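Overview (structure and organization)
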Amino acid sequence: RFLAMLNNKPLSTAEEFGINAVRTYRDYFLAGGDTEATKLTQSAVRLTKMNGLRIKLDAWVALAVKAAEKNVLFSARKNCKVFDDAGTGGPRKVI
């Protein structure tokens, strides 16, 4: 559905694109698409407006790696939720 919306209006603004993405995932989860029965939120953000967060996150990562807490970071990555486009053979997206 999401790609159909994009194909129908390929010149969508960033705001329209974000709204459609959030609504598509919302509808999926409301229809029971979340097999873990977890309460979720879906948001679209303009990352170009988040430079301060990026700087702080980069600094945190540098400190975590420097503090030799790589095992904690690897554990977090290993245990995070993974999303992919089932059946496409495409790359998996680790969140």
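For every chain, the first residue of the written sequence is number 1, and numbering continues from 1 along that sequence. Predicted model: local features are reported for residues with pLDDT of at least 70 only, side-chain atom pairs are reported and counted for 80 or more only, and whole-chain, interface and lining totals are derived from all residues. Side-chain measures here rest on the full set of heavy atoms in the structure, leaving out hydrogens and waters.

**Topic: the overall build of the chain**
Strands are runs of DSSP state E lasting at least 2 residues, helices are runs of H or I lasting at least 4, and numbering of each runs from the N terminus. In terms of helices and strands, the chain carries 4 helices and 2 strands. Any residue under 20% of the maximum accessible area for its type is buried, any over 50% is exposed, and the rest in between are partly exposed; the area is computed with a 1.4 Å probe on protein chains only. Relative to its 95 residues, the chain shows a buried fraction of 8%. Taking the intrachain contacts of the chain between residues at least 6 apart in sequence as the baseline, contacts between residues at least 24 apart amount to 20%. Per-residue and other accessible areas were derived by the Shrake-Rupley procedure at a 1.4 Å probe size, with only the shown protein chains allowed to occlude residues. Just so you have it, the chain exposes about 8400 Å², and 61% of that area is on carbon and sulfur atoms. Throughout, a contact is declared for two residues whenever any of their heavy atoms are within 4.5 Å.

**Observations regarding a nonpolar patch on the surface**
Together, Leu-57, Trp-60, Val-61 and Val-65 make up an exposed nonpolar region whose accessible area comes to about 360 Å². Residue placement: Leu-57 occurs in helix H3 (residues 51-66). Any residue with relative accessible area above 30% and no salt bridge may belong to a patch, with like charges joined within 9 Å and the nonpolar Val, Leu, Ile, Met, Phe, Trp and Tyr side chains within 5 Å. Salt bridge criterion: a side-chain nitrogen from Lys or Arg within 4 Å of a carboxyl oxygen from Asp or Glu.

**Structural notes on the pattern of salt bridges**
A complete count under the given rule lists 2 salt bridges for this structure. Between Lys-9 and Glu-16 there is a salt bridge, with its nearest N and O atoms 2.6 Å apart. On the basis of relative accessible area, Lys-9 is assigned to the partly exposed category, the value being 41%. For Glu-16, a relative accessible area of 27% corresponds to the partly exposed category. Taking the shortest distance from any N to any O, the salt bridge between Asp-58 and Arg-54 comes out at 2.9 Å.

**Some points on helix H2 (residues 14-30)**
Multiplying one less than the number of residues by 1.5 Å gives the expected span of a helix. For H2, built from 17 residues, the straight-helix expectation of 24 Å at 1.5 Å per residue is met to within 8% by its first-to-last C-alpha distance of 24 Å. Among the residues of H2, those classed as buried are Gly-18, Ala-21 and Thr-24. Buried residues of H2, seen end-on, are gathered within an arc of 130° and therefore sit on one face of the element. Downstream of H2 by one or two residues, Gly-32 has phi in the positive range, about 95°. Along the arc lie the directions from the helix axis toward the C-beta atoms.

**Re the confidence of the model for the chain**
Across the chain, pLDDT averages 75, with 74% of residues at or above 70. The spread of mean pLDDT over the elements of the chain runs between strand S2 (residues 93-94), the lowest at 52, and H3, the highest at 86. As a per-residue quantity, pLDDT reports the predictor's confidence and falls between 0 and 100.

**Quick word on the side chain of Thr-24**
By secondary structure assignment, the location of Thr-24 is in helix H2. Its relative accessible area of 14% is what places Thr-24 among the buried residues. Polar side-chain contacts of Thr-24 include one of 2.8 Å to the backbone oxygen of Asn-20. Whenever a nitrogen or oxygen atom comes within 3.5 Å of another N or O atom, the pair is scored as a polar contact, on the condition that within protein one atom can donate a hydrogen and the other can accept it, and that pairs from neighbouring residues in sequence are kept only if both atoms are in side chains.

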